[in-house]
Amino acid sequence: MSDPPAVQLRGLAKRYGSRAAVEGLTIDVPAGVVAGFVGPNGAGKTTTMAMLLGLVRPSAGTGTVLGKPLEDPASYLGQVGALIEGPAFYRGLTGAENLAVLATVAGHDLAEIPVLLDLVGLGARGDDRFRTYSLGMKQRLGIAGALLGDPRLLILDEPINGLDPAGVHEMRGLIGQLAGGERTVLVSSHVLAELEQVCDWLIVVDHGRLVFQGPAAELLDRADATLVVAPEHVRDLDRLQGLLAAAGHEGQLDDGRLQIAVNGDDPRTLAAVVNRAAGSEGIILAELRVAHTSLEDRYLSMVNGGDR
Amino acid sequence: MICMFEAELLKLSRRRVTLATVAGTLAFAVLAATAVFLSATGPGEPSAPRGTSVESLAQAGGATEAFAIGASFAGILVLVLFIANVAGEISQGTFRTLLMREPRRIALLAGKMAALLAFVAGVLAFAEILTVAASTAIAPTQDVSTASWFGVDGLGAAAADYGSALAGLTAWALLGMALAIFVRSIPIALAIGIVWSGPFEHLLHDAWIGAGEWFPGLLLETLISGGGNGASVTRALVLVAVYVCVAAGAAGIVFARRDVTV
């Protein structure tokens, strides 16, 4: 991670009339990571990616991609592969013919094509016309197209969108397979759960603004934790709540349990305090555990306005 | 630009496209030659407007007369094909896919158009050869002498007919490309292109005879068929060149600067 960032954006903005699709976006994507670019529909993910790819002209801001200025896409796009807004290929051409057209346009070696078709699991269907492919196959052909020329940066816009559960599983595996070495993968989705297993870096945007960026583990660390406590007998619940309140730990009653906010304390220490207090009054605990807010809940709280 | 040229040729050189093109060109040649020779008027018979006679067919340019007349009707077909091709690339997102590989947009567009026009030039040459062959086969059945067809004058007339047809169809193609880039939708661009160049300009010409000296569709007919509609071929060539340069230039600027959101 000592290399310069694969993508560095400073105050990037895109406005359509009075509507801002992207507003002052400042992000860094370290080289070599699989970065999840997450946000609800309309958050500005595709527009940002389109600006990285020279398809859309920014209204303001600057940036670099692979160290080259954003204003000069021709200087870096030879090392970038992308799939954006769904796979768009010639319907009457076969998968292999479509890749041959792309490879010829970019001046890449046509010998790559069978290898890439095998890599994405289309080796046996490469000579079938694109129009006969299922959505999952189209997405995989799109990824094969993006991999032409062995790019250093791979930009994938919602590659999992619309796939069935088996397709989602396959695509996640493929994305994980594509990462590694010097390649950086920037992959977007509106569902964090689709990406959290494969991403080691996360960028969360909402309404065109950055909400979070950093290692995926950091987002998890920020997630709120609560201590869930349940006495063996429900009749002891009020007594336990009073006991803990006297010790400075307010708890909320919830379905026969006490929920105590950890509030930055060490959850294990707090659990020991609770256990000791209950034991001193002869209350037997049937349940004592730390519950983390899930990453998805944390993400949803961010994009619903909590962290803006 | 060269890479895009090669990529477009890759699409055009597929077996399916080649077979369809050969079949279409063969049908064009046979139909054009048959229609022209069967409708040719004999000595002393009144000739129809833009019609041919046995006498004119026996002259040096007689071998390619059917080709020239047939090509004048191909303009609208070329317009439709180029609108469908370019607007299709935009609306189906394939231009977006290509632009991520070749961000120099003008080079991309120029390479694509050069390949398509090279293809048109090749098909046109093939059509002329087939039409001459068909005409040669039909001529004896209509008592048309072919003695003057294959001399120097005949070859000159063939080259001139080919040049006029190529210039005219290139203009139709570039106007189709421009319309497709401006409008981006296949059905809307086709509707505008067909209605404007077909009924609209001809109705205008019926109402105002001077329309033939100014409007692009009428000027293109004049250019390809070597006269008619009240304008000289030179005037048609110059004005069409101006219109095409303005339209293609404006389309190039729009294509280079517009955000690609499809």
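Residues numbered from 1 in each chain as written. Chains lettered and ligands numbered in written order. Predicted model: local features only at pLDDT ≥ 70, side-chain atom pairs only at ≥ 80, totals over all residues.

## Re the overall build of chain B
Then comes step 1: Within chain B, the secondary structure is distributed over 10 helices and 0 strands.
Then comes step 2: When the helices and strands of chain B are listed from N to C terminus, the series reads α-α-α-α-α-α-α-α-α-α.
Then comes step 3: Relative to the globule expectation of 18 Å for 262 residues, the C-alpha radius of gyration of chain B, 20 Å, shows essentially globular dimensions.
Then comes step 4: Expressed as a percentage of the 262 residues in chain B, the buried residues total 43%.
Then comes step 5: Once local pairs closer than 6 in sequence are excluded, the contacts in chain B between residues at least 24 apart make up 74%. (Helix = DSSP H or I, 4+ residues; strand = E, 2+ residues; numbered from the N terminus. Rg over C-alpha atoms; globule rule 2.2 N^0.38 Å. Buried ≥ 20, exposed ≤ 12 C-beta atoms within 10 Å, placed from the backbone. Contact = placed C-beta atoms within 7 Å.)

## Side note on the overall build of chain A
Then comes step 1: Secondary structure summary: chain A contains 10 helices and 14 strands in total.
Then comes step 2: Oriented by its inertia axes, the alpha-carbon framework of chain A measures out at about 80 × 45 × 40 Å.
Then comes step 3: Within chain A, the proportion of its 308 residues that are buried is 43%.
Then comes step 4: Here the contacts in chain A between residues at least 6 apart in sequence split such that 70% fall between residues at least 24 apart.

## A closer look at the nonpolar core
Then comes step 1: By size, the foremost hydrophobic cluster in this structure holds 149 residues, and its most contacted members are A35(A), L53(A), I155(A), M177(B) and A180(B).
Then comes step 2: The dominant element in this core, judged by the number of residues it contributes, is helix α4 (residues 65-91) of chain B, at 13 residues.
Then comes step 3: Those residues in contact with M177(B) that sit more than four places away from it in its chain are F82(B), V86(B), M113(B), A248(B) and A251(B).
Then comes step 4: Membership of the second largest hydrophobic core comes to 10 residues, among which are L227(A), L240(A), L244(A) and A271(A). (Core = buried A, V, L, I, M, F, W, Y, C linked by C-beta atoms within 7 Å.)

## Brief notes about the interface of chain B and chain A
Then comes step 1: The interface is formed by 21 residues belonging to chain B together with 21 residues belonging to chain A.
Then comes step 2: Of all the secondary-structure elements, those providing two or more residues to the side of chain B that touches chain A are α1 (2-12) and α5 (94-99) of chain B.
Then comes step 3: For the side of chain B that touches chain A, the element with the most residues is α1(B), which contributes 6 residues.
Then comes step 4: The residue inventory of the side of chain B that touches chain A, partitioned by class, reads 9 nonpolar, 5 polar and 7 charged. (Nonpolar A, V, L, I, M, F, W, Y, C, P; charged D, E, K, R; others polar.)

## Concerning the domain arrangement of chain A
Then comes step 1: Once the domains are mapped, chain A shows domain 1 (7-221) and domain 2 (224-292).
Then comes step 2: Domain 1 of chain A and domain 2 of chain A are separated by 46 Å when their C-alpha centres are compared. (Domains from an automatic or database assignment.)

## Regarding the environment of G163(B)
All names here are of chain B.
Then comes step 1: Relative to the helices and strands, G163 resides in helix α7 (residues 152-183).
Then comes step 2: On the basis of neighbour count, G163 is assigned to the exposed category, with 10 C-beta atoms found within 10 Å.
Then comes step 3: Between the alpha carbons of G163 and A121 there is a distance of 9.6 Å; along the sequence they are 42 residues apart.

## Description of the sheet that holds strand β5 (residues 68-69) of chain A
Then comes step 1: Within the open sheet, the 4 strands sit side by side as β2-β1-β4-β5 (chain A). Their pairing is antiparallel. Only two strands of the sheet have a single partner each, and these edge strands are β2 (19-29) and β5 of chain A. (Pairing = 2+ DSSP bridges.)

## A look at the packing of helix α2 (residues 95-106) of chain A against helix α3 (residues 112-119) of chain A
All names here are of chain A.
Then comes step 1: The contact between α2 and α3 brings their axes to 10 Å, and the two run at 125°. Comparing the axis directions of α2 and α3 gives the class oblique. The crossing of α2 and α3 is right-handed. For the pair α2 and α3, the contacting residues are G95, A96, L99, A100 and A103 in the first and E112, I113, L116 and L117 in the second.
Then comes step 2: Partitioned by chemical class, the residues of the contact of α2 with α3 number 7 nonpolar, 1 polar and 1 charged. (Axes fitted to C-alpha atoms, helices over the stretch in contact; angles between N-to-C directions. Parallel < 35°, antiparallel > 145°, perpendicular 65-115°, else oblique. Left-handed = near helix turned anticlockwise from the far one by under 90°.)

## What about the pairing of β2(A)?
Residue and element names in this part refer to chain A.
Then comes step 1: In the sheet, strand β1 (residues 7-16) pairs with β2 via 7 bridges, with the strands oriented antiparallel. By the bridge assignment, V7 is partnered in β2 with V29.
Then comes step 2: Between β1 and the antiparallel strand that follows it, β2, lie 2 residues; G17 among them carries a positive phi value of about 65°.

## Looking at the environment of A158(B)
Residue and element names in this part refer to chain B.
Then comes step 1: In this structure, A158 sits in helix α7.
Then comes step 2: Judged by the 22 C-beta atoms lying within 10 Å of it, A158 falls in the buried class.
Then comes step 3: Measuring from C-alpha to C-alpha, the distance between A158 and G62 comes to 9.0 Å, with 96 residues separating the pair along the chain.
Then comes step 4: Setting aside chain neighbours within four positions, we find A158 in contact with A63, T64 and E128.

## Considerations on helix α1 (residues 45-52) of chain A
All names here are of chain A.
Then comes step 1: Of all 8 residues in α1, 8 are buried, a share of seventy percent or more.
Then comes step 2: Among all positions in α1, only K45, T46, T47, T48, M49, A50, M51 and L52 are buried.
Then comes step 3: One or two residues past the end of α1 sits G54, with phi positive at roughly 75°.

## As for the sheet that holds strand β11 (residues 225-231) of chain A
Residues and elements named next belong to chain A.
Then comes step 1: The strand order across the open sheet built from 4 strands is β12-β13-β11-β14, with neighbouring strands paired in antiparallel fashion. Looking along the sheet, the strands with just one partner apiece sit at the ends: β12 (251-254) and β14 (285-292). The mean angle between the axes of side-by-side strands here comes to 25°, regardless of whether they run parallel or antiparallel.
Then comes step 2: Across 4 bridges, the pairing between β12 and strand β13 (residues 257-261) is antiparallel. The residue of β13 that forms the bridge with G251 is I260.

## Here we look at the environment of R15(A)
Residues and elements named next belong to chain A.
Then comes step 1: Relative to the helices and strands, R15 resides in strand β1.
Then comes step 2: R15 sits 142 residues away from D157 along the chain, and the two C-alpha atoms are 20 Å apart.
Then comes step 3: Once residues lying within four places of it in the same chain are set aside, the contact partners of R15 are A20, A21 and S59.

## Notes on the pairing of β13(A)
On a regular strand, one side chain projects to one face of the sheet and the next to the other, so that they alternate.
All names here are of chain A.
Then comes step 1: For β11 and β13, the ladder comprises 4 bridges, and the chain directions are antiparallel. Across the sheet, residue V228 finds its bridge partner in β13, namely Q259.
Then comes step 2: From the end of β12 to the start of β13, which pair antiparallel, there are 2 residues, and D255 there has a positive phi angle of about 55°.

## Some words on the confidence of the model for chain A
Then comes step 1: Within chain A, residue pLDDT values average 88, and 95% of them lie at 70 or more.
Then comes step 2: Mean pLDDT across the elements of chain A bottoms out in helix α10 (residues 295-306) of chain A (68) and peaks in β5(A) (96). (pLDDT = per-residue confidence, 0-100.)

## Considerations on the packing of α4(B) against helix α6 (residues 105-138) of chain B
Working note: a packed helix pair is described by the angle between its axes plus the distance between those axes.
All names here are of chain B.
Then comes step 1: Direction vectors running N to C along α4 and α6 enclose 150°, while the axes themselves pass 12 Å from each other. In this view, α4 runs roughly antiparallel relative to α6, as classed from their interaxial angle. The handedness of the crossing between α4 and α6 comes out as right-handed. Each of A66, F67, G70, V78 and N85 in α4 lies in contact with α6, whose residues at this interface are L116, V120, A127, E128, T131 and S135.
Then comes step 2: Considered class by class, the residues forming the contact of α4 with α6 number 6 nonpolar, 4 polar and 1 charged.

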